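Tertiary structure, described
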Amino acid sequence: MLGKFFQKPSTPNSDRVPPGQFLATGFPVLTYGDTPQINLEQWQFKVWGLATPQTFTWSDFMALPHHQFTKDFHCVTRWSKLDVQWTGIKITDFMKLIEVDSKATHVMQHCYGGYTTNLPLEDFIKEDNFFAFELSGNPLDLEHGGPMRSVIPHLYAWKSAKWINGLEFLPKDQPGFWERNGYHRRGDPWQEERYGS
Ligand SMILES: Nc1nc2c(c(=O)[nH]1)N[C@H]1C(S)=C(S)[C@@H](COP(=O)(O)O)O[C@H]1N2
Ligand SMILES: [Mo]
C-alpha cells in the first residue's frame, strides 16, 4: 500500500496514464500511408469469413442507437489523450445484426486504404467498444478516421481502426498490419504490450 503510494507520480490523472506514456497536448494524428476519402453514399461495410456475408450502408449504421463516450486514448508511440469525446455505435449493438459462426475466435478489422488490425473476439465484443462517427460533437475528421472508425479503448490505439470498412471473422489469430511489423498481437497499455507477441 505504502510502496504503491510512493511510486505514484504527482499529477492528478497519473492513475489514468499507463506506464511509459505521456499526456499529449491536442490530438495527434497517426496514419501510415495516405488518408482515404469516401463519400457517405458510396461508403460500405462488409462482414465475411466465419460469418454470414453481409454488406451494410451508412444508413444501416445510423439506424442503430447512438451513444456518447468519453474515453482515454493511448498510442504506443507514448502519447495518451484523456477524456476524448466521441459519438458512436456500440459494437455489441452492431453484432446483433450479424451471424457469426461458433468456430470464430478472432476478428480482423479492415479499412479503406488497406490497413488491418486483429483482435480476439473477447477484446472486440465489449460494451465499451464502438464505431465512432463524431469527435467532440462534430463529424469525425478525415484524418482521425472519418467517416467512421472503431475505438477499442482498453488497448493501444493502433487497434482502433480508422476508415473501417469490414470485419473478417477468423478461426485463429492472424497478425494485422502493425502486428506483422513488430507490434504486440494484443496491445494492453497497462501491461506495456508494445512489441513482440
Ligand atoms: N486505417 C488506419 N487506422 C489506424 C492507423 C492507420 O495508420 N490507418 N493508425 C493507428 C495508430 S498507430 C494510432 S495511434 C491511431 C491514431 O489515431 P488518430 O490519428 O486519430 O490519433 O489510429 C490507428 N488506426
Ligand atoms: Mo499508434
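With an unreviewed UniProt entry as reference, the chain is termed Oxidoreductase molybdopterin binding, source organism Rippkaea orientalis.

1. Focus: the site of ligand 1
As a structural note, the neighbourhood of ligand 1 is formed by 21 residues, with P28, Y32, H144, R149 and K162 the closest of them. Within the backbone of Y32, an N or O atom sits 2.7 Å from an oxygen atom of ligand 1. In the environment of ligand 1, an oxygen atom lies 2.5 Å from a nitrogen or oxygen atom belonging to the side chain of K162. Bound to the protein, ligand 1 loses 99% of the 530 Å² it would expose on its own. Judged by its atoms lying within 2 Å of the grid points, ligand 1 is housed in the largest pocket.

2. Remarks on the pattern of salt bridges
Evaluated as defined, the whole model comprises 11 salt bridges. In this structure, R16 and D72 form a salt bridge, with 2.7 Å as the shortest nitrogen-oxygen distance. You can see R16 sitting in the loop between α1 (2-7) and β1 (22-23) and its partner D72 sitting in strand β4 (residues 67-74), a full 56 residues away along the chain. You can call D72 buried: its relative accessible area is 17%. Of the charged contacts, one joins R186 and D188 as a salt bridge, the two residues approaching to 3.9 Å between their closest N and O atoms.

3. Here's the deal with the confidence of the model for the chain
When pLDDT is averaged along the chain, the result is 94; 94% of the residues meet or exceed 70. Of all secondary-structure elements in the chain, the lowest mean pLDDT belongs to α1, at 48, while strand β10 (residues 149-151) reaches the highest, 99. This stretch, residues 5-9, has a pLDDT under 50; its non-local contacts, to residues over four places away or in other chains, come to 1 contact.

4. Remarks on the layout of surface pockets
Here the idea is plain: a probe the size of a water molecule rolls over the atoms and shows the empty space left. In this model, the largest pocket occupies a volume close to 440 Å³. Taken together, 29 residues form the lining of the largest pocket, with L30, T31, Y32, Y115 and K162 sitting closest to its centre. Across the lining of the largest pocket, the residue classes break down as 19 nonpolar, 7 polar and 3 charged.

5. Some remarks on the nonpolar core
F45, F94, F131 and F169 are the most contacted members of the largest nonpolar core, which totals 37 residues. If we ignore the near neighbours within four places in the chain, the residues touching F94 are F45, V47, F56, F61, L64, F131 and L167. Of all hydrophobic cores here, the second largest spans 13 residues; its members include W79, V84, L135 and V151.

6. Overview of unusual backbone geometry
Here the amide bond leading from G146 into P147 is cis, since omega sits at 15°, within 30 degrees of zero. Following the sequence through the fold, P147 ends up in the loop between β9 (138-139) and β10. The residue D83 is not glycine, and still its phi comes out positive at about 55°. Position of D83 relative to the elements: it lies in strand β5 (residues 79-90).

7. Things to note about the packing of aromatic side chains
As enumerated under the stated definition, the model contains 27 aromatic pairs in all. Relative to F131, the ring of F45 lies with its centre 5.5 Å away and its plane at 75°, an arrangement referred to as edge-to-face. Residue F45 is located in strand β2 (residues 44-49), and its partner F131 is located in strand β8 (residues 130-135); the two are separated by 86 residues in the primary sequence. Overall, F45 belongs to the buried group, its relative accessible area being 0%. Pairwise contacts between aromatic rings join Y32, Y115, Y156, W158, F177, W178, Y183 and Y195 into one cluster.

Cut-off values and rules
Residues numbered from 1 in each chain as written. Chains lettered and ligands numbered in written order. Predicted model: local features only at pLDDT ≥ 70, side-chain atom pairs only at ≥ 80, totals over all residues. Heavy atoms only, no water. Near = heavy atom within 4 Å. Polar contact = N/O pair within 3.5 Å; in protein donor to acceptor, adjacent residues only side chain to side chain. Areas by Shrake-Rupley, 256 points an atom, 1.4 Å probe, with all protein chains shown as cover. 1 Å grid on protein atoms, 1.4 Å probe; cavity = no way out; pocket = protein on both sides within 12 Å on 5 of 7 lines; lining within 4 Å. Sits in = over half its atoms within 2 Å of the grid points. Salt bridge = Lys/Arg side-chain N within 4 Å of Asp/Glu carboxyl O. Helix = DSSP H or I, 4+ residues; strand = E, 2+ residues; numbered from the N terminus. Buried < 20%, exposed > 50% of the residue type's maximum accessible area, 1.4 Å probe, protein only. pLDDT = per-residue confidence, 0-100. Contact = heavy atoms within 4.5 Å. Points joined across faces, edges and corners; volume = space filled by probe spheres on them. Nonpolar A, V, L, I, M, F, W, Y, C, P; charged D, E, K, R; others polar. Core = buried A, V, L, I, M, F, W, Y, C linked by side-chain atoms within 4.5 Å. Phe/Tyr/Trp six-rings, centres within 6.5 Å; stacked < 30°, edge-to-face > 60°.

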